[in-house]
Amino acid sequence: MVNSKQEKLGRISEVRKNSFIIYFEEQEVIGKLRGSFYEEEADKLPVVGDYVRFIHNPLGDSVIQSVCDRKGLLQRPDQAKTGVMQYMVANVDYCFIVTSLNDDYNYNRIARYASVALQGGAVPVAILTKADLCTNVGRYISEVETISDKIKVHAVSALLNIGMDELKEYFATGKTVCLMGSSGAGKSTLINAIAGEDVMETSAIRESDSKGRHTTTHRQLIKLSNGAFVIDTPGMREIGMAGTEDGIDDTFSDIIELEARCKFRNCRHETEPGCAVKAAIARGELSKKRFMLYMSLGQENTNNYAKKKEISKLAKMYKKGKK
Ligand SMILES: Nc1nc2c(ncn2[C@@H]2O[C@H](COP(=O)(O)OP(=O)(O)OP(=O)(O)O)[C@@H](O)[C@H]2O)c(=O)[nH]1
Ligand SMILES: [Mg+2]
């Protein structure tokens, strides 16, 4: 019988193959899951950023008893496209969508990340890095601002300390900032600049194709000296849509409002009369490119949902067959 008084509250800073690193009283302790954890659903297992209750063992492995209720969870479908979700990080206040102002910049990708962030309860903040290498920063900022009124945008150069002061408001005591984006975009460099010391390893991008070298290999939570938390993540090229319906709706909430004004409730915005979406496009109030993006993200999300249901049905049948 566990004496609940012995339980301590910590925060997961790293997930390893067979163990977890728990941030607790300014130190990091190694934790393992209590045995019955393995019967739980995958989304109940601890991820970086989770607050956990655990029995502290100063002499060896501590034992994680439970995961505290989450304020939010950032997730994505796995890259193998099997419909399985990958639970990335929990309890994030601000999701920095880090994009460098070179070939990495991609309008659609920022919208995808924003949908995942909003779905997971985080504010999406587009950080356009390497502003020192770009001559038309203003154009990029204006373009990102058109994606959604929910996205905040900043252009910075961590190397030349340009625009960095604007970011300080996000790193307030007790807040959690998670950085996501392509390898080589400058996520770890930005964290080092904010922390004022080299807490993360960084390395130059490849000269041949400007791509990063996947320097950061695992998700890592760091506590800054003022009590703010920051999570560095390995570079991701793409982020798929699955279970992201509310996040997409939130990103494109103006289009949702327009859809509600269509004459027919099931309007497909194609040939139907009284279509408020088409009228807004015709008046120049809604860009066709943005509307098409909204439609394609929604479609991808629906397809992945259908795939996930199909896979879980097959898995259930397989389990039954084995009994
Ligand atoms: N010119 C310029 N280079 C930068 C800036 N920020 C980062 N870099 C460079 O970009 C390269 C990649 O930076 P990292 O911080 O390692 O990139 P990352 O996003 O953490 O990459 P992964 O860990 O692989 O995901 C390094 O050579 C940095 O010096 C910037 O503001 N300006
Ligand atoms: Mg890195």
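(A) Spotlight on the overall build of the protein chain. Of regular secondary structure, the protein chain possesses 7 helices and 13 strands. Here the C-alpha radius of gyration of the protein chain, 22 Å, is about what a compact globule of 323 residues would show, namely 20 Å. If you line up the protein chain on its principal axes, its C-alpha atoms span 70 × 60 × 40 Å. For the protein chain, with 323 residues in total, the buried portion stands at 35%. Relative to all contacts within the protein chain whose residues are 6 or more apart in sequence, the contacts with residues 24 or more apart total 65%.

(B) Main features of the site of ligand 1. The environment of ligand 1 is formed by 25 residues, the closest being Gly186, Thr189, Thr202, Thr216 and Gly235. With 3 residues, helix H3 (residues 187–195) is the single largest residue contributor to the shell around ligand 1. Residues belonging to the shell around ligand 1 are distributed by class as follows: 7 nonpolar, 14 polar and 4 charged.

(C) Structural context of the sheet that holds strand E4 (residues 51–55). One closed barrel accounts for 5 strands, arranged E1-E2-E3-E5-E4; its pairing is mixed. When the angles between neighbouring strand axes are averaged without regard to direction, this sheet yields 55 degrees. Across 4 bridges, the pairing between E4 and strand E5 (residues 62–67) is antiparallel. If you follow arginine 53 over to E5, its bridge partner there is serine 66.

(D) Here's a closer look at the sheet that holds strand E11 (residues 176–181). Read from one edge to the other, the open sheet built from 6 strands follows the order E10-E9-E8-E11-E13-E12, with strand pairing classed as mixed. The strands lining the two open edges of the sheet, one partner per strand, are strand E10 (152–155) and strand E12 (220–223). Strand-to-strand twist of the sheet, defined as the mean angle between neighbouring strand axes without regard to direction, takes the value 25 degrees. Helix H2 (residues 137–145) contacts strand E9 (123–129) and E10 of the sheet and is inclined by roughly 165 degrees relative to E10.

(E) Examining the pairing of E11 more closely. Here E11 lies mainly inside the structure; 6 of its 6 residues are buried. Side chains of E11 alternate between two faces, with Thr176, Cys178 and Met180 and Val177, Leu179 and Gly181 buried alike. Where strand E8 (residues 94–100) meets E11, 5 bridges bridge the pair, whose relative direction is parallel. Within E11, the position partnered with phenylalanine 96 by the bridge is leucine 179. With 3 bridges connecting them, E11 and strand E13 (residues 229–232) associate as parallel partners. What sits directly across from threonine 176, in E13, is phenylalanine 229.

(F) Structural detail: the pairing of E13. Side chains of E13 alternate between two faces, with Phe229 and Ile231 and Val230 and Asp232 buried alike. Here E12 runs beside E13; their pairing, made up of 4 bridges, is antiparallel. Bridge pairing in E13 places leucine 221 opposite isoleucine 231. Between E12 and the antiparallel strand that follows it, E13, lie 5 residues; glycine 227 among them carries a positive phi value of about 95 degrees.

About the criteria used
- Residues numbered from 1 in each chain as written.
- Chains lettered and ligands numbered in written order.
- Predicted model: local features only at pLDDT ≥ 70, side-chain atom pairs only at ≥ 80, totals over all residues.
- Helix = DSSP H or I, 4+ residues; strand = E, 2+ residues; numbered from the N terminus.
- Rg over C-alpha atoms; globule rule 2.2 N^0.38 Å.
- Buried ≥ 20, exposed ≤ 12 C-beta atoms within 10 Å, placed from the backbone.
- Contact = placed C-beta atoms within 7 Å.
- Near = placed C-beta within 6 Å.
- Nonpolar A, V, L, I, M, F, W, Y, C, P; charged D, E, K, R; others polar.
- Pairing = 2+ DSSP bridges.
- Axes fitted to C-alpha atoms, helices over the stretch in contact; angles between N-to-C directions.

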